[in-house]
Amino acid sequence: MSYDAYQSYQTVNLHAQTAQASPLQLVLVLMDGLLDELSRARAHIEARRYELKSASLDKCVSIINGLSSALDMDNGGEVVQNLARLYDYCAERLFRAGVELNVAIVDEVQRLLTQIRGGWQGVLARQG
């Protein structure tokens, strides 16, 4: 499959996932995209594709910032404040990973975000 065909498939798939999604489902779609992009960023670091690494890490930080900005800081209480701090930590660590070309940091962020995704998935399951 060519890269263009794969990108077209991804675009159609994303549109299908988001067309009727609830806010929680949209968070999960973003988390899935973020985790996929982290894998790409890791591969770019390993392959020494520095320009692609930068673009990939920038995209990850943008997604994290979007997730963070969507948090209801006024009504979410301590849990939301902690989640916002964790998102900030992940964004800072990705900046450090890019500077140091350190895949271990990318792995750390990926583990943290995988746990956060699991929490969001649990919230969705409880809501039915």
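Residues numbered from 1 in each chain as written. Predicted model: local features only at pLDDT ≥ 70, side-chain atom pairs only at ≥ 80, totals over all residues. Heavy atoms only, no water.

**Describing the overall build of the protein**
Okay, so step 1: The helix and strand tally for the protein stands at five helices and zero strands.
Okay, so step 2: Reading the secondary structure of the protein in the N-to-C direction produces α-α-α-α-α.
Okay, so step 3: The buried share among the 128 residues of the protein stands at 33%.
Okay, so step 4: Counted over contacts in the protein with a minimum sequence separation of 6, partners at least 24 positions apart contribute 61%.
Okay, so step 5: As presented, the protein carries roughly 8,000 Å² of accessible surface, and 54% of it is formed by carbon and sulfur atoms. (Helix = DSSP H or I, 4+ residues; strand = E, 2+ residues; numbered from the N terminus. Buried < 20%, exposed > 50% of the residue type's maximum accessible area, 1.4 Å probe, protein only. Contact = heavy atoms within 4.5 Å. Areas by Shrake-Rupley, 256 points an atom, 1.4 Å probe, with all protein chains shown as cover.)

**Here we look at the packing of helix α4 (residues 77-100) against helix α5 (residues 103-127)**
Okay, so step 1: Look at α4 against α5: their axes get within 9 Å of each other, and the N-to-C directions meet at 155 degrees. Between α4 and α5, the angle falls in the class roughly antiparallel. Every pair of crossing elements has a handedness; the one defined by α4 and α5 is left-handed. In contact with Leu83, Leu86, Tyr87, Tyr89, Cys90, Arg93, Leu94, Arg96, Ala97 and Glu100 of α4, α5 contributes Ile105, Val106, Glu108, Val109, Leu112, Leu113, Ile116 and Trp120.
Okay, so step 2: Here the contact of α4 with α5 is built from residues that sort into 14 nonpolar, no polar and four charged. (Axes fitted to C-alpha atoms, helices over the stretch in contact; angles between N-to-C directions. Parallel < 35°, antiparallel > 145°, perpendicular 65-115°, else oblique. Left-handed = near helix turned anticlockwise from the far one by under 90°. Nonpolar A, V, L, I, M, F, W, Y, C, P; charged D, E, K, R; others polar.)

**Some thoughts on the pattern of salt bridges**
Okay, so step 1: As enumerated under the stated definition, the model contains seven salt bridges in all.
Okay, so step 2: Across the salt bridge formed by arginine 93 and glutamate 108, the nearest N and O atoms sit 2.9 Å from each other. Of this pair, arginine 93 sits in helix α4 while glutamate 108 sits in helix α5, and the two are 15 residues apart along the sequence.
Okay, so step 3: Given the relative accessible area of 19%, glutamate 108 is considered buried.
Okay, so step 4: The partner of arginine 96 in a salt bridge is glutamate 100, and the shortest N-O contact between them spans 3.7 Å. With a gap of four residues between them, arginine 96 and glutamate 100 both fall in helix α4, about one helical turn apart. (Salt bridge = Lys/Arg side-chain N within 4 Å of Asp/Glu carboxyl O.)

**Describing the packing of helix α3 (residues 50-69) against α4**
Okay, so step 1: Contact geometry for α3 and α4: axes closest at 9 Å, N-to-C directions at 170 degrees. When the axes of α3 and α4 are compared, the pair comes out roughly antiparallel. Where α3 approaches α4, its residues Lys53, Leu57, Cys60, Val61, Ile64, Leu67 and Ser68 are matched on the opposing element by Ala84, Tyr87, Asp88, Cys90, Ala91, Leu94 and Gly98.
Okay, so step 2: Of the residues belonging to the contact of α3 with α4, the class tally is ten nonpolar, two polar and two charged.

**Some points on α5**
Okay, so step 1: Between its terminal C-alpha atoms α5 stretches 36 Å, which fits the 36 Å expected from 25 residues at 1.5 Å a residue.
Okay, so step 2: Those residues of α5 that are buried lie in contact with α2 (23-46), α3 and α4.
Okay, so step 3: Sitting at the amino-terminal end of α5 is asparagine 102, which places a side-chain oxygen 2.8 Å from the backbone nitrogen of alanine 104.
Okay, so step 4: Glycine 128 sits one or two residues past α5 and shows a positive phi near 85 degrees. (Expected span 1.5 Å × (residues − 1). Polar contact = N/O pair within 3.5 Å; in protein donor to acceptor, adjacent residues only side chain to side chain.)

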